[in-house]
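Examination of the molecular architecture
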Amino acid sequence: MLANVVHSQIDLHKDFGGVVPELASRDHLERLPHLFDRAFADAGAGPEDVGFIAVTRGPGLAGCLLVGVGVAEGLGASWQRPVAGINHLWGHVYAAMLTRLDLEPPLLGLVVSGAHSDLVRMPEHGRFEVIGRTRDDAAGEAFDKAARMLGLGYPGGPALDRLARTGDARRQPLPKPSLPGLEYSFSGLKTALLYRLRDLGEAAGPREKADLAAAFEQSVVESLVEKLDAALSREPVAEVVVAGGVAANTLLRRRAAEVVAGRARLTMPPLELCTDNAAMIAAAGYFTSPRSGEVGSRLRLPGGGVPQSITVDPSLGWG
Ligand code: KG4
Ligand code: ZN
C-alpha cells in the first residue's frame, strides 16, 4: 500500500446528527480531485504509474457513487486506463488481504458496517455466499442510534466504544438478542435501551450512561461473536476475517480473537482499514477484476471510443 488518503466528512455532517446525502455527494465532487494529488504525493508516484482504476459501484448513497464513478471514468479516459466497478462489501473483506499478504480464500467473513451485519463464506476470490444477516438494524446502525440516545452525537460508534471503556455492563444489564440460526436482530435491544433510559429519567447520570454503553456494546458484540462461533462450528475453515467499520470496536476485536483462537487464523484489519477507505477497493479490484491483468499496458478502447460505462447500484448486495 503506497498511499491511503481518507477525507472524513464527519465535520460536515455532525451538526445534523447523521449523513446528509446531498451534502455528501457535493463534498465528494469538491474533494475527490484534490485527494488524487495527495495520494500521488504520498506514494511518490504520478498518473503514469497507474495501471488500473478501481471504484466503488455500490452499495452506498447514489449521489456519492455517481460522483466516484464519474471521476474514475473521467480519469480512465484521460489516462487511457481500464476502470472496474467494485462492490463496497467485498472491499471490506479485501482490506484483510492488505493486512496479511498470505491470506487466501476459502474463508469465513463477518462484515459489520453501518448498513450490514453479514456472515459470508468466501470459497474463492470474487465469490461470496451470505450465510447470516440481520433481520432489522445493522450493528453499526444500532451503535449509532444507541449513541444518540446516550447523547453522544455523531459518529456514534467510536464515541460509544470510548464511553463503554469507562462503564460496567453488569450494573445495567441489557438483553442479548437471540434468534435461531445465523440471524441477527438489534432493534429489540435498541428499544430496551430506550425504555431503560426512560425509566431512569433524571437518574441517568454519567455513570449510568457509561454502564449502559458498556451493556449495549456487550449485547451487540456477544450476539455477533455467538453466530460467528456457530458458523465456525458448522463448517470449519482455516481463515476468518472480521471487517467493516464496527470491526474497529475494542470489545469486538478482543472477543472475536478469543472465540476464533485455536480453531482458525483470525485477520482483523487495523482500524484505519476497517472503516471505509480506498485501499480496500483497490485490493478488491486487484484480486477480482480480470482487467487488473492489464496493469502497466495501455488500454485499447474498442474503436477508439469511450469505455463501457460502470453501472452504479446503491442497493447492491453481495452479488
Ligand atoms: O464500514 P463503515 O466505515 O461504513 C459503512 O460502510 O457503513 O462503518 C461505519 C460504522 C458506523 O456505524 C460507525 O458508528 C461504526 O462503523 N463504528 C464503530 C466503531 N468505529 C466505527 N462501531 C463501534 N465501535 C467502533 N469503535
Ligand atoms: Zn463500509
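Residues numbered from 1 in each chain as written. Chains lettered and ligands numbered in written order. Predicted model: local features only at pLDDT ≥ 70, side-chain atom pairs only at ≥ 80, totals over all residues. Heavy atoms only, no water.

1. Quick look at the coordination of the zinc ion (ligand 2)
- The protein atoms that coordinate the zinc ion (ligand 2) are H88 (NE2), H92 (NE2) and D276 (OD), at distances of 2.0 to 2.1 Å.
- Positions of the donor residues of the zinc ion (ligand 2), expressed as sequence spacing, correspond to H-x3-H-x183-D. Residue H88 and its partner H92 are both found in helix α4 (residues 88–99); the two are separated by four residues, about one turn of the helix.
- Residue class for H88 comes out buried when judged on its relative accessible area of 14%.
- For H92, a relative accessible area of 0% translates into the label buried. (Donors = N, O, S within 2.8 Å, 3.2 Å for Na, K, Ca; no water. Helix = DSSP H or I, 4+ residues; strand = E, 2+ residues; numbered from the N terminus. Buried < 20%, exposed > 50% of the residue type's maximum accessible area, 1.4 Å probe, protein only.)

2. Remarks on the pattern of salt bridges
- Under the counting rule described, the total for this entry stands at 24 salt bridges.
- The closest approach of N and O atoms between K190 and D137, which form a salt bridge, is 2.7 Å. With a gap of 53 residues between them, K190 in helix α7 (residues 187–200) and D137 in the loop between β5 (127–132) and α5 (139–149) connect regions that are remote in the sequence. Residue K190 shares its accessibility class with D137, and that shared class is buried.
- R207 is the partner of D211 in a salt bridge, and the nearest nitrogen-oxygen pair spans 4.0 Å. Of this pair, D211 and R207 both sit in helix α8 (residues 206–234), four residues apart, which is roughly one turn of that helix.
- It is possible to trace a salt-bridge network through shared partners that takes in R121, E124, R127, E129 and E235. (Salt bridge = Lys/Arg side-chain N within 4 Å of Asp/Glu carboxyl O.)

3. Concerning the packing of α7 against α8
- Contact pair α7 / α8: the axes reach a minimum separation of 11 Å and the direction vectors enclose 165 degrees. Here α7 is positioned roughly antiparallel relative to α8, judged by the angle of their axes. Here α7 runs over α8; the crossing is right-handed. Facing L189, K190, L193, R196, L197 and L200 of α7, the residues of α8 in contact are E208, L212, F216, S219 and V220.
- Residues that form the contact of α7 with α8 fall into these classes: seven nonpolar, one polar and three charged. (Axes fitted to C-alpha atoms, helices over the stretch in contact; angles between N-to-C directions. Parallel < 35°, antiparallel > 145°, perpendicular 65-115°, else oblique. Left-handed = near helix turned anticlockwise from the far one by under 90°. Contact = heavy atoms within 4.5 Å. Nonpolar A, V, L, I, M, F, W, Y, C, P; charged D, E, K, R; others polar.)

4. Notes on the environment of R170
- In this fold, R170 is placed in the loop between α6 (156–164) and α7.
- Through-space distance from the C-alpha of R170 to that of L212 is 9.2 Å; in sequence the pair is 42 residues apart.

5. Notes on the sheet that holds strand β4 (residues 117–124)
- The five strands lie next to each other as β5-β4-β3-β6-β7, forming an open sheet whose pairing is mixed. Either end of the sheet is taken by a strand with one partner, and the two such strands are β5 and β7 (265–267). Across the sheet, the axes of successive neighbouring strands diverge by a mean angle of 25 degrees, strand direction being ignored.
- Bridge count between strand β6 (residues 239–243) and β7: three bridges; the pairing is parallel. Paired with V241 across the two strands is T267, which belongs to β7. (Pairing = 2+ DSSP bridges.)

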